[in-house]
Every structure is written in structure tokens, then in C-alpha cells.
Amino acid sequence: MEYEDKTGRPSKPPSPKQNVRKNLDFEPLSTTALILEDRPANLPAKPAEEAQKHRQQYEEMVVQAKKRELKEAQRRKKQLEERCKVEESIGNAVLTWNNEILPNWETMWCSRKVRDLWWQGIPPSVRGKVWSLAIGNELNITHELFDICLARAKEKWRSLSTGGSEVESEDAGFSAADREASLELIKLDISRTFPNLCIFQQGGPYHDMLHSILGAYTCYRPDVGYVQGMSFIAAVLILNLDTADAFIAFSNLLNKPCQMAFFRVDHGLMLTYFAAFEVFFEENLPKLFAHFKKNNLTPDIYLIDWIFTLYSKSLPLDLACRVWDVFCRDGEEFLFRTALGILKLFEDILTKMDFIHMAQFLTRLPEDLPAEELFASIATIQMQSRNKKWAQVLTALQKDSREMEKGSPSLRH
């Protein structure tokens, strides 16, 4: 510290009392040490008693600062140890997946050991391979079929951009306006897909891959076309698989009954899924269920977005991938179990809210949602009601729905 007055001229040299800080082994980076300074010359000097008191206060501050520093150092050390432990665990898991599980997939994937390992999260380096195997390829899509669909999509893009209006035979019943609307929606949705990552937007490294998969799908399934939310599912797959394999997984995933019901907006089947969800909601969280009923908060308000994007838009990406891991293992049931896990995790907060605040909270979940806490919450959810599992409850509700339709006079006539 330079001892100069405001004009820049050297001032009186420091007094011995002012040198006291220089002999300390700790110098806090703040103004707290100023209590040791002598008063300016135009003011009465400090009494010895006050100077001693300030000295003690300063020493106490130093002690507290050292304690905080030690505590912070211990926290950093613990964090480092935990990170090393996690990295070692992931390394061991990668070896297990690569050397034991993947080579013997058919016989090992449903074993207790693998299911337990699966719950802990699949290591990123093998995630794509595991997802592909778990999702399967019932549609028998090949890389060649992807290339054909992609070529057809590119031709349509060119045709639309040049104002062409030719309609191919397989597009009979789908107007040029429908195709153009689908194309525009893809463009718009891509720009809104994981915007914080900046990798799927125009000019980003994965933009063309995402555009290709979504365009190819609209040619593969013109009856479904592009539906808002699909871009998030395709994007998560692209982050874990190459383009053709991501397209195969994407098409097979969307062909699952639950996804097809939502993406084709089959209102009757969607209502059945919501009804099945509410059976387990009431079973697991009766107090919160009653609160939702009292406030008329229906499942469609929060579930549609969660199911449409398989939580990839609603949860932090790394946490969404862990949800996908177990979804690939357990199927659609886990999507609804995850929803109940989220509701249970925030039950105390939600029961104090009214309709508007609950709807806002559930459509914009906290960004720092801790993975271990969520999975601990999901683990407590029992997907069994009156000795019936999810699939049995859903089937019974579907049967009831069909019988009601048959018995409805408006539908008979």
C-alpha cells in the first residue's frame, strides 16, 4: 500500500502501529483490516483500550476467515474425491457393459445384475448401443431405407423451394400445403431444440443431421408427419448414435403404442393413459391427488409435454438421459412412474399452491433438479394397484372405453 495523499505527494511514513498488519501471516482481501489503522492526523488518536479492542476484533476476523478457508478446502477435497469415485465407477461399468453384457445381450439384458446396473445410469460411451438394442428394430428399417427416405425428403424440399406442386403416389391424400406446413414446422422446431447447446441451430454441427432425420421420417410416415416435440427426441438420439442408427431408433420409438397415441393425437387413447396414470397417482400420493382434484388440475396440463418429448425438454439433459435409460428397460410404464416421482419430490411445495402456480411449476421444473433425489423418489413409487400392474390397469381401462363406445347411442346410429 502506498502512503500518499490525494495530490500524489508522499505523506508521513506509517507509524509502528500501522506496521502491525505487515507482521501478520494472513492478509484478508477486504477492508476489515482498516480497523487497525490510525485515525487521520486531524482527528484525536485512538485510546490504547480502543486500539487493543480493534486488534482483538481483527484477530477474530482472521481466525474466522481461516476457518472458512479450511472448510472450503475440505469441501473441494470431498468434491474431488467424489468425482474420482464416480469416474472410477463409470470406468468399471463401461468394462462390464462392453465385456460382459453387450456380447451376451439376449441372455443377460433381463438379469437382476444388469437391471440394477441399468438403474444406476448407462455410461455415455455405451448408451447409444444399449438404447438401440433395447428399443429394437421391429420395423426392420435398414440404412438403405433411411437413405431412400432422406433422398425423397431432399427432393421434396427442392420441389417446395422452387414452387413445384407434383404429388408422388405415396403422398396421395397429403396436400402440398400439408407438406409445406410440416417442413416449416421442422425448421421452426429445430431452432428451438436445446437452444442453450447451440449445436442444432442453423450453422451448428448437428443441424443437418437433425433436419435429415425429421425430414426422412415425414417421408417414411406421411400419415404421422412431423409433430411438435419430435425434434427433442431425435436430438437426444443424435447425441448418442450416428445418423442412420438414430433414425432407426427414432422410427421404432415413435411406433410404440404410447408414443403413437400421443403423436397421432388419438384423444380416446390419450385419455385412457391419463386415467391409468391417475389410478397410480391416487394409490401413491392420495393427499396430492385430492389437492389436484380440488383445484381441477388434470394430467394433460403437465403430462403431455413430458410424454411428447420423453422429458428431454422438461429435465436437465443428463437427467433426461438417465430417465431414457430406464425407459428403454421398462417401457412406457416408466414414463408415468417418473411423473409420479417428480410429483412426490415436490409434494410439499405443490400442496401449498393453487391451480395457476401448480401448472406453472410443473410446466417449468427447477433447472437444478438433483438426479439422485429424483431417482430416490421414483424408486418409492409402486406401480401396482389392487394387485394389478400398469399394463393390466391400462388394458382394463381400454376395454371399458371400447365397451362404452359400443354402448353409446350416438356412436351406434
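Above this text sits the structure in question.
Everything numeric here is computed off the predicted structure, so don't read it as measured data.

Engineer: Which parts of the structure should I look at to understand helix α17 (residues 355–363)?
Structural biologist: Since there are 3.6 residues in each turn of an α-helix, residues three or four apart along the chain are aligned in direction. Those residues of α17 lying buried are Met358, Ala359, Phe361 and Leu362. Buried residues of α17, seen end-on, are gathered within an arc of 165° and therefore sit on one face of the element. Taken together, the buried residues of α17 touch α12 (286–294), α13 (300–308), α15 (333–345) and α16 (347–350).

Engineer: I'm lost on the packing of helix α8 (residues 230–238) against helix α14 (residues 317–330) in this one. Help?
Structural biologist: When two helices pack together, you describe them by how their axes are tilted relative to each other and by the distance separating the axes. Packing of α8 against α14 leaves a shortest axis separation of 12 Å and a crossing angle of 90°. With respect to each other, α8 and α14 are oriented roughly perpendicular. Listed contacts from α14 to Ile233, Val236 and Leu237 of α8 are Leu317, Cys321 and Trp324.

Engineer: Would you explain the pattern of salt bridges in this entry?
Structural biologist: Think of it this way: side chains of opposite charge can pair up when their charged atoms draw near. Evaluated as defined, the whole model comprises 14 salt bridges. Here Arg75 and Glu72 are joined by a salt bridge, their closest N and O atoms 2.6 Å apart. In this pair, Arg75 and Glu72 both sit in helix α1 (residues 48–101), three residues apart, roughly one turn of the helix. Accessibility expressed as a relative area gives 30% for Glu72, which makes it partly exposed. Through salt bridges with shared partners, a single network forms among Glu72, Arg75 and Arg76.

Engineer: Explain the nonpolar core to me, please; I cannot follow it from the model alone.
Structural biologist: Across soluble globular proteins, nonpolar side chains show a tendency to be buried alongside one another. One finds Trp97 and Leu343 to be the most contacted residues of the largest nonpolar core, which totals 112 residues. Look past the residues within four positions of Trp97 in its chain and what remains in contact with it is Leu102, Pro103, Trp105, Val114, Leu117, Trp118, Ile122, Pro123, Val126 and Val130.

Parameters and conventions
Along every chain, residues carry numbers that run from 1 in the direction the sequence is written. Thresholds applied to this predicted model are a pLDDT of at least 70 for local features of residues and 80 or more for the giving and counting of side-chain atom pairs; totals over whole chains, interfaces and linings are not thresholded and use all residues. The basis for every side-chain value is the complete set of heavy atoms in the structure, and neither hydrogens nor water enter the calculation. Think of it in three bands: with a 1.4 Å probe and only protein chains considered, a residue is buried below 20% of the maximum accessible area for its type, exposed above 50%, and partly exposed in between. Numbering of helices and strands runs from the N terminus, with a helix taken as a DSSP run of H or I at least four residues long and a strand as a DSSP run of E at least two residues long. It is the directions from the helix axis to the C-beta atoms that the arc portrays. Should any heavy atoms of two residues lie within 4.5 Å, those residues are counted as being in contact. To get an axis, fit a line to the C-alpha atoms, keeping to the stretch in contact for a helix; angles then go from 0 to 180 degrees between the N-to-C directions. When describing relative orientation, an angle under 35 degrees is termed roughly parallel and one over 145 degrees roughly antiparallel, while 65 to 115 degrees is termed roughly perpendicular and anything else oblique. Any Lys or Arg side-chain nitrogen found within 4 Å of a carboxyl oxygen on Asp or Glu counts as a salt bridge. Note on terminology: a nonpolar core comprises buried Ala, Val, Leu, Ile, Met, Phe, Trp, Tyr and Cys residues joined through side-chain atoms within 4.5 Å.

Take it as geometry only, folks, not as evidence of what the structure does.
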